[in-house]
There are 2 protein chains.
Amino acid sequence: VNITELIVRKRDGGALTTDEVHQLIAAYVDGQTPDYQIAALLMAIYFNGLDSGELAAWTSAMLHSGDTLDTSSIGAPKIDKHSTGGVGDKVSIPLVPMVASCGVAVPMISGRGLGHTGGTLDKLESIPGFRVRLDPEEFISLLESHGMVMGGQSDTLVPADRMLYALRDVTGTVPSIPLISSSILSKKLSEDIDGLVLDVKVGRGAFMQNIDDARHLAETMVGIAKAHPTAAVALLTRMDEPLGREVGNANEMAESLRMLRGEETPPDLEEITYRLGEAMLVLGGVASDRNAARSRLEETVSTGKALEAFAAVIEAQGGDPRVTEDLSLLPQPLQTAELVAPTSGWITRCDAHRVGIAGVRLGAGRARKEDDVDHRVGITILAKEGEEVTQGQPLAKVGWADEDRLSAAMDILREAWVISDEPPTPQPLIIEEIR
Amino acid sequence: VNITELIVRKRDGGALTTDEVHQLIAAYVDGQTPDYQIAALLMAIYFNGLDSGELAAWTSAMLHSGDTLDTSSIGAPKIDKHSTGGVGDKVSIPLVPMVASCGVAVPMISGRGLGHTGGTLDKLESIPGFRVRLDPEEFISLLESHGMVMGGQSDTLVPADRMLYALRDVTGTVPSIPLISSSILSKKLSEDIDGLVLDVKVGRGAFMQNIDDARHLAETMVGIAKAHPTAAVALLTRMDEPLGREVGNANEMAESLRMLRGEETPPDLEEITYRLGEAMLVLGGVASDRNAARSRLEETVSTGKALEAFAAVIEAQGGDPRVTEDLSLLPQPLQTAELVAPTSGWITRCDAHRVGIAGVRLGAGRARKEDDVDHRVGITILAKEGEEVTQGQPLAKVGWADEDRLSAAMDILREAWVISDEPPTPQPLIIEEIR
């Protein structure tokens, strides 16, 4: 296969054959094709896209670039969930034990936070001792014994994605819908699942800023899954303000645990968690419809079953299960500071992107991949969009550990809220469902 | 300078500043910026172009990536000519001694043939002993003593172009007007010239297949030269059939020498050579207008002055000057074969691209950069467009040295001619002039 010819064809709007795509990805992973040719091809794909046949081939070639999991020993339906990333999006943490408690196995491979968005692995690691590095044997064994497992990407799974992502990151080719879609789907399909529920975020705090792009991404991912074939559903959900009231690692874990303990939960966090859980149960065939699924999910919380299941998997993954009973065992900030409302009025904006960046400045997230995160620090949102505040009332409580970082975070956080004389028009949280 | 940010900006249709372009090219030449980032940037440039400010900066940064010639010791005006490449285009060979004999110094750096197009260096090397590898000191010294010099690119001149061209070649980013223009102009401007005449070829045997693209290329190159500032004129000329009657190395040299000896010259070769020469003399200020220039150029041939000047520079560059008197001293093919007209009629097409490829198969050109050329072999066109032939009359004479290569060449050559019942509508050879 002549790589230059393939680049030229893609540059000129033509399509690559399935064989060509497989040879190309294999040659890249084997080190036969240099980065510079792939970089040029990725930029041509940025401009000209990939058609559905190329996308299926590209995803499949990535998927088969390394090992895949073998979940054939698991009798239960295996369903995973993926979110395209947002601020305060801790949904996976309560969702996985709730769904697993209903008899759907969840082999969840998650990522770390980068830029303004957080990552499930970082949040899990706020539990003292929790291990997210699991080899494939342990991963499957945990899935067998607990019906759920939450770990990081193993080095042997989808090496093509790791190589391509690293290259995209430094060549301006990250925001390409076919490349994003094939990256996500190759990783999720490597889990050997029966179905996938996608939470495609759109808005100020999401990678997709407008609904058309988000819909295109959702349709592309559902299309790839179906071509595999794997059942899939996507929800387009609004990510203009942070989800729930906590942003950070230990504090998002605490908010998740409070939800599993049946304590009062912010309505937006609750709505998305249940909607995704309902879709997973229906897709897994353990509930006939959304209402039946909802009842079963609620029961896992009210009976304490989901919390108990989570405690068991925490212990199995090396973490301290007592955090489920005693939230003070989670890392705590050194001190807290408050941001207060400069005027009275209605909150018409609580900008998720700014809050996310403030979190990074504080140390809760990463500006660069190689940065460490500080699990202790975070932001508690005390006034969300649509709420009324009076001048001097706290908008947020900031848990901090370093004065310079606090100051840098506050500078950005201050700009996150907009207070107006009129309440905002309520916006739907779940915009549409794509199957 | 953050290269990823520059790639993203160019990808999104923004412009790079002059400083950014200079830093980018310098970092690439220094090995600080990896090929894969430049490859992605080149593909973004392929799609989004470079504006006139970026083009001036890009060319200047390339030009200053290495040494430049210093022609300040030359009293005469220094004018060069560049052709974008065609089949049978040996114009530089008669042109340089004719123009130099009129008092315009020509510091010509040429290239080698690749694909269907020939290169002046290969043609010059058909003269036994002729050296095209000249270091900058010798290049200037020859220009001082002979008013002309014809050599290859020195390693120290415009290293950025060598690096970028090698990368473009394997990343599908060759046919980009801003990248082609800046590549050509950086090399030509490194010769420290006062003016440049460009022959931009358009048609079947040219890189540019349509007049709009060719005009855009010509305007872009003239614009870069003027911004430098260096005077420039471009002619758009038709390259549908081979120029003149000879295609190959020794036989193109022979055709050039016959022209310098005042023997009968194919009208198309004569027209383009004189038109370019006239422009060079006017640009150099040694003739007040085209008519005056034409007379002076004709005189260099009729008096034998141009031939004598060429013989002197051949000798100075290590070649055997007796070839100017005895064409049989040029390499000769082992045997010749004929291609005859399958029917009677008018030649409505003699496809330059096919003839060029037939030349490559024969061994006169290169399919890949690393191939050697056989100076002996070539094709003599015996029936050009607009000429009438009878069945069985020879269309071409092929000088060959290897039977398999002859056979491969003949298979393509046979398809080059179209013979029709009606004569073709004559097309202008020189389409327009751009200044």
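Above this text you will find the structure in question.
A. Quick look at the overall build of chain A. Across its full length, chain A holds 16 helices and 13 strands. Whereas a compact globule of 435 residues would reach a radius of gyration of roughly 22 Å, chain A reaches 22 Å, a difference of no more than 12%. The principal-axis extents of the C-alpha atoms in chain A amount to approximately 65 × 45 × 40 Å. By element, 46% of the accessible surface of chain A is carried by carbon and sulfur atoms, the whole surface being about 16600 Å². For chain A, the centre of its 40 positive side-chain charges and the centre of its 65 negative side-chain charges are spaced 1 Å apart.

B. The arrangement of helix α12 (residues 267–283) of chain A in detail. Residues and elements named next belong to chain A. For α12, with 17 residues, the first-to-last C-alpha span of 24 Å sits near the 24 Å given by 1.5 Å per residue. Restricting attention to buried positions, one finds in α12 the residues D268, L269, I272, T273, Y274, R275, L276, G277, E278, A279, M280 and L281. Just beyond α12, the residue with positive phi is G285, at close to 75°.

C. View of helix α7 (residues 136–146) of chain A. Residue and element names in this part refer to chain A. Turning to α7, its buried residues are F139, I140, L142 and L143. Buried residues along α7 cover an arc of 160° about the axis, so they all sit on one side. Opposite the buried face of α7, at more than 90 degrees from it, the exposed residues are E137 and S145. Of the surrounding secondary structure, the elements contacted by the buried residues of α7 are β2 (106–110), β3 (148–152) and α14 (305–316). Phi turns positive, to about 70°, at G147, one or two residues after α7.

D. Quick peek at unusual backbone geometry. Here the residue pair A:H228 and A:P229 is connected by a cis peptide bond, since its omega of 0° sits within 30 degrees of zero. Note that A:P229 resides in the loop between α10 (211–227) and β5 (231–238). You will see that B:V158, though not glycine, has its phi angle at about 45°, which is positive. Note on placement: B:V158 falls in the loop between β3 (148–152) and α8 (159–169).

E. Local environment of the relation of the copies chain A and chain B. Between the two copies, chain A and chain B, the superposition gives an RMSD of 0.0 Å; the rotation angle is 180° and the shift along the axis is 0.0 Å. When the rotation and shift are considered jointly, the pair of chain copies conforms to a two-fold rotation axis. Residue A:Y36, judged by its C-alpha, is the member of chain A lying nearest the rotation axis, at 1.8 Å. A symmetric contact is evident, with 100% of the interface residues of chain A recurring at the interface of chain B.

F. Seen up close, the sheet that holds strand β7 (residues 335–340) of chain A. All names here are of chain A. Pairing is antiparallel in the open sheet, where 4 strands are placed in the order β6-β9-β11-β7. Sheet topology places β6 (246–248) and β7 at the edges, where each strand pairs with a single neighbour. Put simply, the sheet's adjacent strands are angled 20° from each other on average, direction ignored. Bridging between β7 and strand β11 (residues 394–400) involves 6 bridges; their strand directions are antiparallel. Across the sheet, the residue bridging to A337 is V398, located in β11. Contacts from helix α15 (residues 352–362) reach β6, β9 (378–381) and β11, with the element oriented near 145° to β9.

G. Molecular detail of the packing of helix α2 (residues 18–29) of chain B against α8(B). Residues and elements named next belong to chain B. Running from N to C, α2 and α8 cross one another at 80°; their axes reach a closest spacing of 10 Å. Comparing their axes, α8 and α2 come out roughly perpendicular. Contacts from I25, Y28 and V29 of α2 reach α8 at P159, A160, M163, L164 and L167.

H. Quick look at the environment of A:S154. Residues and elements named next belong to chain A. By the secondary structure assignment, S154 is in the loop between β3 and α8 (159–169). Judged by relative accessible area, which is 11%, S154 ranks as buried. Expressed as a C-alpha distance, the spacing of S154 and E125, which sit 29 residues apart in the sequence, is 16 Å. Not counting chain neighbours up to four residues away, the residues in contact with S154 comprise L134, P136 and R162. A polar contact is formed between the side chain of S154 and the side chain of T156, at a distance of 3.0 Å.

I. Looking closely at the pairing of β5(A). Residues and elements named next belong to chain A. Counting buried residues in β5 gives 7 out of 8 residues, a clear majority hidden from the surface. Both strand β4 (residues 195–202) and β5 contribute to a ladder of 8 bridges, which runs parallel. Bridge pairing in β5 links L198 to A234. Crossover β4 to β5 through α10 is right-handed.

J. Molecular detail of the nonpolar core. The biggest cluster of nonpolar side chains holds 122 residues, and the ones touching the most others in it are A:W58, A:V200, B:W58 and B:V200. For B:W58, the contacting residues outside a window of four places in its chain are B:V21, B:L24, B:I25, B:L41, B:L42, B:I45, B:L50, B:L164, B:L179 and B:S182.

K. Spatial organisation of the interface of chain A and chain B. Opposite the 22 residues of chain A that make contact, chain B presents 22 residues. Counting each side, the surface lost to burial between chain A and chain B is near 1700 Å², with a carbon and sulfur contribution of 71%. For the pair chain A and chain B, the number of links is 10 residue pairs in polar contact (both at pLDDT 80 or more). For the side of chain A that touches chain B, the secondary-structure elements that each account for two or more residues are α1 (3–11), α3 (35–48) and α8 of chain A. In terms of residue count, α3(A) provides more of the side of chain A that touches chain B than any other element does, 10 residues in total. In terms of residue class, the side of chain A that touches chain B is made up of 12 nonpolar, 6 polar and 4 charged.

Reading the values: rules and limits
- Residues numbered from 1 in each chain as written.
- Chains lettered and ligands numbered in written order.
- Predicted model: local features only at pLDDT ≥ 70, side-chain atom pairs only at ≥ 80, totals over all residues.
- Heavy atoms only, no water.
- Helix = DSSP H or I, 4+ residues; strand = E, 2+ residues; numbered from the N terminus.
- Rg over C-alpha atoms; globule rule 2.2 N^0.38 Å.
- Areas by Shrake-Rupley, 256 points an atom, 1.4 Å probe, with all protein chains shown as cover.
- Lys, Arg positive; Asp, Glu negative; His and termini not counted.
- Charge placed at Lys NZ, Arg CZ, Asp CG, Glu CD.
- Expected span 1.5 Å × (residues − 1).
- Buried < 20%, exposed > 50% of the residue type's maximum accessible area, 1.4 Å probe, protein only.
- Arc of directions from axis to C-beta.
- Contact = heavy atoms within 4.5 Å.
- Least-squares fit on C-alpha atoms with pLDDT ≥ 70 in both.
- Pairing = 2+ DSSP bridges.
- Axes fitted to C-alpha atoms, helices over the stretch in contact; angles between N-to-C directions.
- Parallel < 35°, antiparallel > 145°, perpendicular 65-115°, else oblique.
- Polar contact = N/O pair within 3.5 Å; in protein donor to acceptor, adjacent residues only side chain to side chain.
- Right-handed = clockwise from strand over helix to strand, strands pointing away.
- Core = buried A, V, L, I, M, F, W, Y, C linked by side-chain atoms within 4.5 Å.
- Buried area = accessible area lost by both parts, 1.4 Å probe.
- Nonpolar A, V, L, I, M, F, W, Y, C, P; charged D, E, K, R; others polar.

Taken by themselves, the reported measurements are silent on function.
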